Amino acid sequence: FIAALDLNTDLLVVDGIINDLPERQVIRLTRSRSTRDSTVSRPLTGARLEVAVNGNTVALTEGDSGVYRFPESFRGRAGDRYQLRIQTSDGSRYE
């Protein structure tokens, strides 16, 4: 897939995997902007993230810059339904 984007378009990048491993689950948010010569990526801080799991809401907390953590005891399960909700500090919402 090759997206047709204008240069200097500010994009939200979401990076994360939910699994059942005994490790802290995280989602990383960055803003990426492409110029003619390079791509600049910077952490997105101050957002509110939550994941609906089978209709129940799990809130994530911001740790390191742009890294949002699930509660430590959270583990994914095959067959569960997940929906990520993001609200950035400027009020933009993504689902």
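Refer to the structure presented above.
Everything in this summary refers to the structure shown in the same document.

About the criteria used
Residues numbered from 1 in each chain as written. Predicted model: local features only at pLDDT ≥ 70, side-chain atom pairs only at ≥ 80, totals over all residues. Heavy atoms only, no water. Helix = DSSP H or I, 4+ residues; strand = E, 2+ residues; numbered from the N terminus. Buried < 20%, exposed > 50% of the residue type's maximum accessible area, 1.4 Å probe, protein only. Contact = heavy atoms within 4.5 Å. Pairing = 2+ DSSP bridges. Phe/Tyr/Trp six-rings, centres within 6.5 Å; stacked < 30°, edge-to-face > 60°. Salt bridge = Lys/Arg side-chain N within 4 Å of Asp/Glu carboxyl O.

**Re the overall build of the protein chain**
Phase 1 of the analysis: On a plain count of helices and strands, the protein chain comes out with zero helices and nine strands.
Phase 2 of the analysis: Moving toward the C terminus, one meets the helices and strands of the protein chain in the order β-β-β-β-β-β-β-β-β.
Phase 3 of the analysis: Scored against the burial criterion, the 95 residues of the protein chain give a buried share of 25%.
Phase 4 of the analysis: Long-range contacts, defined as pairs at least 24 residues apart, comprise 45% of the intrachain contacts of the protein chain with a sequence gap of at least 6.

**Quick notes on the sheet that holds strand S5 (residues 56-59)**
Phase 1 of the analysis: Here four strands make up an open sheet; going across it, the order is S5-S4-S8-S9 and the pairing antiparallel. Whereas interior strands pair on both sides, the edge strands pair on one side only; in this sheet they are S5 and strand S9 (93-94).
Phase 2 of the analysis: In the sheet, strand S4 (residues 48-53) pairs with strand S8 (residues 82-87) via six bridges, with the strands oriented antiparallel. What sits directly across from Ala-52, in S8, is Gln-83.

**Observations concerning the packing of aromatic side chains**
Phase 1 of the analysis: In the structure shown here, the tally under the stated rule is one aromatic pair.
Phase 2 of the analysis: Ring geometry for Phe-70 versus Phe-74: centroids 4.4 Å apart, planes at 20°, classification stacked.
Phase 3 of the analysis: Phe-74 gets classed as buried once you look at its relative accessible area, which sits at 11%.

**Focus on the side chain of Asp-80**
Phase 1 of the analysis: Turning to its location among the elements, Asp-80 is positioned in the loop between strand S7 (67-69) and S8.
Phase 2 of the analysis: For Asp-80, a relative accessible area of 19% puts it in the buried group.

**Considering unusual backbone geometry**
Phase 1 of the analysis: A positive phi angle is found at Asn-54, which is not glycine, with a value near 50°.
Phase 2 of the analysis: If you trace the backbone, Asn-54 turns up in the loop between S4 and S5.

**Considering the pattern of salt bridges**
Phase 1 of the analysis: Going through the model one piece at a time under the given rule, you end up with five salt bridges.
Phase 2 of the analysis: Asp-10 is paired through a salt bridge with Arg-31; the nearest N and O atoms lie 3.8 Å apart. Here Asp-10, found in strand S1 (residues 10-16), pairs with Arg-31, found in strand S2 (residues 26-34); they are 21 residues apart in sequence, far enough to count as distant.
Phase 3 of the analysis: The exposure class assigned to Arg-31 is buried, which follows from its relative accessible area of 11%.
Phase 4 of the analysis: Ionic pairing is found between Arg-77 and Asp-80, a salt bridge with its closest N-O pair at 3.3 Å.
Phase 5 of the analysis: Salt bridges sharing common partners tie together Asp-10, Arg-31 and Arg-42.

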